[in-house]
Amino acid sequence: MRPLFARALAEHEALLAEAGASSYLRREGWLKLYRSDHGFAALKRELALADEFGIPYRPLSPDAALELEPNLAPVFRHAVHWPRAASLTNPLAVTKAYAARFAQLGGVVMRGNARSLHRSDGYWRIDTEEGPLDAAHAVAALGPFAPDVLGPLGIELPLGIKRGYHRHYRGAGNATLTRPVLDAEIGYCLAPMEQGIRLTTGAEFAASDAPPTPVQLDRLLPSARELFPLGEPVEAALWMGSRPCFPDSRPVIGPAPGQRDLWLAYGHAHWGLTLGPATGRLLAEMMTGATPFCDPAPYGAGRFG
């Protein structure tokens, strides 16, 4: 995964600049907190990997961490600041800005049922609200919904679903955060977003169409409020999303097995937004015969047999 992650920020920076959306990029890093000595000791393997790949980090005392985020409560014993980590304050606004830039460059957005994808007279055809659309190549980049389209085409890959929830809260007493904060041993993140302070959950393994079961958020809220003064929720209802995951934690990027001129780009788990631009570049280079910026073989669908 390292080649994709190493390219992720540079690709986003270029697109953000083109789309006039650089203001959404936050470069304050991540702060990860550990409430026990045991939890911090378990971090050794992660830090060893960071050393191997040249990713900088700073172990901090509680007092030093509170200098970075003074509205946190000192309920933790250790902290690590990852200064090169970047994040976005409004992913939806960024996505819309990228789509607007696509349109400025001559791209056309059409709505239709992706399940209608089929071969017709040597082309790929999809039915849209404006009539059939034919193309020499097609790309399935549909996340957890990819099997709905690929299954009827005979493409069966071992995709699983991890669902997650989040909700935004106001900071009580004007409390703010500067960067995302991970309460590592309990398993949630507090992230400052344009909508408010986002409280995330861990993963839930369930079918993408199963009814929501947001019990994790209720269980996490007391610990989150112990760490940071969360106020009232911003929205009436929480958000739920499905993350498409392959067993080896790698996406599938490249040609579809058994289907000429059909390409796949899905299964990024929690990293679809992060790796979207790098994935797009890699896939475009493969489709046009350019030299890929990294070896695409580890992401091939053929690894599943």
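Up top you'll find the structure we're talking about.
Because the structure is a prediction, the values reported are computed rather than measured.

## Quick notes on the nonpolar core
Part 1 of the reasoning: In this structure, Leu-72 and Leu-190 are the most contacted members of the largest nonpolar core, which totals 23 residues.
Part 2 of the reasoning: Looking at this core, the elements that each hand over two or more residues are strand S2 (30-34), helix H4 (62-68), strand S12 (188-193), strand S13 (196-200) and helix H7 (215-227).
Part 3 of the reasoning: Per element, the largest residue contribution to this core is 5 residues, and it comes from H7.
Part 4 of the reasoning: Discounting residues that sit within four places of it in the chain, Leu-190 has contacts with Leu-177, Arg-179, Pro-180, Val-181, Ile-197, Arg-198, Leu-199, Ala-224, Leu-227, Phe-228 and Leu-230.
Part 5 of the reasoning: Listed in part, the 17 residues of the second largest apolar core include Leu-117, Ala-138, Leu-150 and Phe-246.

## So, the pairing of S13
Part 1 of the reasoning: With 4 of 5 residues buried, S13 is to be regarded as a mostly interior element.
Part 2 of the reasoning: The pairing of strand S10 (residues 160-171) with S13 spans 4 bridges and is antiparallel. Across the sheet, Arg-167 pairs through a bridge with Leu-199, a residue of S13.
Part 3 of the reasoning: Inspection of the sheet shows S12 paired to S13 by 4 bridges, in the antiparallel sense. Bridging across to S13, Leu-190 finds its partner in Leu-199.

Scoring rules and cut-offs
Residues numbered from 1 in each chain as written. Predicted model: local features only at pLDDT ≥ 70, side-chain atom pairs only at ≥ 80, totals over all residues. Heavy atoms only, no water. Core = buried A, V, L, I, M, F, W, Y, C linked by side-chain atoms within 4.5 Å. Buried < 20%, exposed > 50% of the residue type's maximum accessible area, 1.4 Å probe, protein only. Helix = DSSP H or I, 4+ residues; strand = E, 2+ residues; numbered from the N terminus. Contact = heavy atoms within 4.5 Å. Pairing = 2+ DSSP bridges.

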